[in-house]
Amino acid sequence: VQRFNWSDAKQQFVMLGVTGPNEYENNINNNWYTNYIAQWCIRYALACEKEGSQATSSMLSNDEISAWEHLVNNVYFPHMEGTRVFLQQDGFLDKEQLKAADIPANERPINQHWSWDRILRSIFIKQADVLQGLYLFEDHFDTKTLEENFDFYEPKTVHESSLSPCVHVVLAASIDRMEKAYELYLRTSRLDLDDYNHEADEGLHITSMAGTWLSLVEGFAGVRINEQGLRLQPRIPNGWKSYSFQILYQTLPLKIHVHATGGFVENKSLSDIDLIINNQHYTVNKHAKITF
């Protein structure tokens, strides 16, 4: 972390020469995701320190705590003026603003047809970067912010990593872009079956297999766990009749079934479970089932 006078009025903290989640960029300055994660980690450490010091003596001096607080309150985040879009890194707008759809089909995947230098100079994103941060910290941002960033970055993403489509499925479903969510669900679930990246002969993408489960559970079913507990926001792709899966919530087994007009949650445990479905609170008694 380096510090400099970003303006005459305010000192901000920057991170130089890093590589964020997008592997088609390296040695860049102020990757938004990296800066956000760093800020969050320090804030979390401060929260742990505050909680721990109530029981035992503090491990940090007052000067250290003040310095950490000053740092996290003054991290620099690049953004596009007049919008809610967080820029992937400094200089991102200096690149030619193309879309993945502009790449000729016979040049895909680009990592098998382009030189590394050409890839680095291009706008194209291998896997979720800013959107990875929004996926991890979804509750920190309003829907409009998620929408603007998704609409800006997904068209520039070539999804040439098995880690990429599933994250986009979850975000797309959360902002009710189900057509795009299903398109990317097929990409993660059929990555090796259809050999999208022309490399299935080298082995299977286990991450994409896990991503298929993630796409269904967190994406279509909208499963989240936060301070309020277990929450579901179920959706279903057009053309599907139903889907179902099981999860363990606080060691308690639940079966969740979704169809075109509703669904049910079956509690297969010996304890009652409280949860939220479509913003409505429910209690599912042991060995019982509720419909929604």
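Residues numbered from 1 in each chain as written. Predicted model: local features only at pLDDT ≥ 70, side-chain atom pairs only at ≥ 80, totals over all residues. Heavy atoms only, no water.

*Asks:* Which residues make up empty space enclosed by the protein, and what values go with them?
*Replies:* All told, the structure shown has one cavity of 30 Å³ or more when counted by the stated rule. Lining of the largest cavity is provided by Gln88, Ile125, Gln127, Ala128, Asp129, Val130, Leu131, Tyr153, Thr157 and His168. A per-class count over the lining of the largest cavity returns five nonpolar, four polar and one charged. (1 Å grid on protein atoms, 1.4 Å probe; cavity = no way out; pocket = protein on both sides within 12 Å on 5 of 7 lines; lining within 4 Å. Points joined across faces, edges and corners; volume = space filled by probe spheres on them. Nonpolar A, V, L, I, M, F, W, Y, C, P; charged D, E, K, R; others polar.)

*Asks:* I'd like a rundown of the sheet that holds strand β5 (residues 242–249), residues and numbers included.
*Replies:* Pairing is antiparallel across the open sheet formed by four strands, whose spatial order is β5-β6-β7-β10. Each edge of the open sheet is held by one strand with a lone partner, namely β5 and β10 (289–291). Sheet twist, expressed as the average angle between the axes of neighbouring strands with direction ignored, equals 15°. Sheet topology note: the strand β6 (residues 252–259)/strand β7 (residues 262–267) ladder contains six bridges and is antiparallel. Each residue of the ladder has a partner; that of valine 258, found in β7, is glycine 263. (Pairing = 2+ DSSP bridges. Helix = DSSP H or I, 4+ residues; strand = E, 2+ residues; numbered from the N terminus. Axes fitted to C-alpha atoms, helices over the stretch in contact; angles between N-to-C directions.)

*Asks:* Residue-level account of the packing of helix α6 (residues 164–174) against helix α7 (residues 178–189), with values.
*Replies:* At a closest axis distance of 8 Å, the pairing of α6 and α7 adopts a crossing angle of 160°. Classified by the interaxial angle, the pair formed by α6 and α7 is roughly antiparallel. Regarding α6 and α7, the two cross each other, and that crossing is left-handed. Counting all contacts with α6, which are made through Pro165, Cys166, His168, Val169, Ala172 and Ala173, the residues of α7 involved are Met178, Lys180, Ala181, Leu184, Tyr185, Arg187 and Thr188. Partitioning the contact of α6 with α7 into residue classes produces nine nonpolar, two polar and two charged. (Parallel < 35°, antiparallel > 145°, perpendicular 65-115°, else oblique. Left-handed = near helix turned anticlockwise from the far one by under 90°. Contact = heavy atoms within 4.5 Å.)

*Asks:* Would you mind going over the confidence of the model for the chain in detail, with residue names and values included?
*Replies:* Overall, the prediction assigns the chain a mean pLDDT of 93, with 96% of residues at 70 or greater. Counted against residues more than four places away or in other chains, residues 1–9, with its pLDDT under 50, gives 16 contacts. (pLDDT = per-residue confidence, 0-100.)

*Asks:* How would you explain a nonpolar patch on the surface if you had to name every residue and give the values?
*Replies:* Nonpolar side chains collect at one region of the surface, where Leu204, Ile206 and Met209 lie side by side and expose about 320 Å² of accessible area between them. The topology assignment puts methionine 209 in helix α8 (residues 206–220). (Patch = residues over 30% accessible without salt bridge, like charges linked within 9 Å, V, L, I, M, F, W, Y side chains within 5 Å. Areas by Shrake-Rupley, 256 points an atom, 1.4 Å probe, with all protein chains shown as cover. Salt bridge = Lys/Arg side-chain N within 4 Å of Asp/Glu carboxyl O.)

*Asks:* Talk me through the sheet that holds strand β3 (residues 224–226); I want residue IDs and the actual numbers.
*Replies:* Spatially, four strands are ordered β3-β4-β8-β9 in an open sheet, and the strand pairing comes out mixed. Where the open sheet ends on each side, the last strands, each with one partner, are β3 and β9 (280–284). Strand-to-strand, the axes of this sheet are offset by a mean angle of 35°, without reference to chain direction. Here three bridges tie strand β4 (residues 229–232) to strand β8 (residues 273–277), and the two strands are oriented parallel to one another.

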